[in-house]
Amino acid sequence: MDSHIYGVSKQTLFLFTLLCFSVASISALPHQNKTGNSTVTGQMINSNSVLVALLDSHYTELAELVEKALLLQTLEEAVGKHNITIFAPRNEALERQLNPEFKRFLLEPGNLKSLQTLLLFHIIPQRVGSSDWPGHKSNPTRHTTLCNDHLELITKNSGKKLVGSAALTRPNDVTRPDGVIHGIERLLVPQSVQEEFNRRRNLRSISAVLPEGAPEVDPRTHRLKKSEPPVRAGSQPVLPIYDAMSPGPSLAPAPAPGPGGPHHHFDGESQVKDFIQTLLHYGGYNEMADILVNLTSLATEMGRLVSEGYVLTVLAPNDEAMAKLTTDQLSEPGAPEQIIYYHIIPEYQTEESMYNAVRRFGKIGYDTLRLPHKVVAQEADGSVKFGSGDGSAYLFDPDIYTDGRISVQGIDGVLFP
């Protein structure tokens, strides 16, 4: 006979306790969204992440598909665990070389899983630079993609590098601490997606990607385009000069290098003088200009950094915000420098690039010259908000000065770590 506790047997009490423990354990697991990805609340991504660079790069067609496929959270989790390598088809490959029927198939709501599989097929969960390709005498290397399919990297005898069936056109096009993006000539279609497309449309003889020899119509002249002749060794660069002058796929374009710097790249001293003069003429930022010139040697240091090729974004508090600083906050040795260091981001950001980043990812952490502290930005009231609570500041006067190397964004508060 089982003994009873207040009329309940020990066996019944044990089963009830076990059931409660199981329910509590299940409730503690991360929630799953409709795409099968774990939902992580409050996650923050760095501004120099390869994902931010992808969404603001010239691979606009691919970036748009990634957003439509609801893959941002999946990719955030991937870069949180390891470096990634993205093989990005050029825009033309997605605009004109893709079969219109296949593109409609991918964008239908019922085919979201196929679109996700296709995009994840272009991503390897490890860093593979262009120097990591096998030599032409070596066997192809096989890599597992984020969709658990495989891609082979091959080097032809001619030296041409391939990813599956696509040629590598822009190696190491985007390099960031958590990944690298290579430009490729065409879309890669996994066999599973091709088969699903054929099954849905019952058109097994149609290939998803148009053959390379298919004629291409010039949208301006409405005439067939002629294939370009092969480039011979010693020929002039094929890359347009305006692309060559920009520093790769950064968040905003930069001008051509000038001859004024110590290494004949940039005249940082003149650029810093220009932006300080702009602050004075703009009005409302005299205190910030005064600290840069008179109270610190930051103007000289910023000029040296820009001359060496670095880019900077200055979050400039307006005079009303600077007037709220107390004597104690400014009297300690090195206090003005530390305050301003926290307002300088070693990246080139504009209002558009920052707002797009916070709109897509929620929170963005920007590195500052006051290491290791970061400035956290998020979307608020249709603008960009830096910091939190009483110590927060809004983007108040956007793009006061933007010359491609130095960007100045006016804010309505002074930030502290």
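Located above this text is the structure these notes cover.
Structural notes, computed from the coordinates. (Residues numbered from 1 in each chain as written. Predicted model: local features only at pLDDT ≥ 70, side-chain atom pairs only at ≥ 80, totals over all residues. Heavy atoms only, no water.)

## So, the packing of aromatic side chains
Counted according to the given criterion, the structure contains six aromatic pairs. Aromatic ring contacts, followed pair by pair, group F102, F105 and F197 into a single cluster. (Phe/Tyr/Trp six-rings, centres within 6.5 Å; stacked < 30°, edge-to-face > 60°.)

## A short note on the nonpolar core
Ranked by internal contacts, the top residues of the largest apolar core, which has 66 residues, are F102, L119, V163 and F386. L279, M288, A289 and I406 belong to the second largest nonpolar core, which has 28 residues in total. (Core = buried A, V, L, I, M, F, W, Y, C linked by side-chain atoms within 4.5 Å. Buried < 20%, exposed > 50% of the residue type's maximum accessible area, 1.4 Å probe, protein only.)

## Section: the pairing of strand β13 (residues 363-367)
Sheet faces and side chains relate simply in a regular strand, where the side chains alternate between the two faces. As paired elements, strand β3 (residues 45-46) and β13 share two bridges and run parallel to each other. In the sheet register, I45 faces β13, and the bridge partner there is I364. Both β13 and strand β14 (residues 374-380) contribute to a ladder of five bridges, which runs antiparallel. Counterpart to I364 in the pairing with β14 is A377. Once β13 ends, the chain turns through six residues before running back antiparallel as β14. (Pairing = 2+ DSSP bridges. Helix = DSSP H or I, 4+ residues; strand = E, 2+ residues; numbered from the N terminus.)

## A short note on unusual backbone geometry
The amide bond that connects L371 to the next residue, P372, takes the cis arrangement and shows omega of 0°. Tracing the backbone through its elements, the reader meets P372 in the loop between β13 and β14. Its identity is not glycine, yet D381 carries a phi of approximately 55°, on the positive side. Here D381 is to be found in the loop between β14 and β15 (383-386).

## Some remarks on empty space enclosed by the protein
Scanning the entire structure with this criterion turns up one cavity of 30 Å³ or more. Looking at the largest cavity, its volume works out to about 50 Å³. Along its surface, the largest cavity is lined by L54, L62, V66, L71, L75, I86, L119, H122 and I123. Taken together, the residues of the lining of the largest cavity sort by class into eight nonpolar, one polar and no charged. (1 Å grid on protein atoms, 1.4 Å probe; cavity = no way out; pocket = protein on both sides within 12 Å on 5 of 7 lines; lining within 4 Å. Points joined across faces, edges and corners; volume = space filled by probe spheres on them. Nonpolar A, V, L, I, M, F, W, Y, C, P; charged D, E, K, R; others polar.)

## Some thoughts on the sheet that holds strand β5 (residues 123-124)
Pairing in this open sheet of seven strands is mixed, and the strands run β5-β4-β10-β9-β8-β7-β6 from one edge to the other. Each of the sheet's edge strands pairs with one partner strand only, and the pair in question is β5 and β6 (141-144). Relative to strand β9 (residues 166-176), strand β8 (residues 161-163) runs antiparallel, the two being bridged by two bridges. When the sheet's bridge partners are listed, V163 is paired in β9 with A166.

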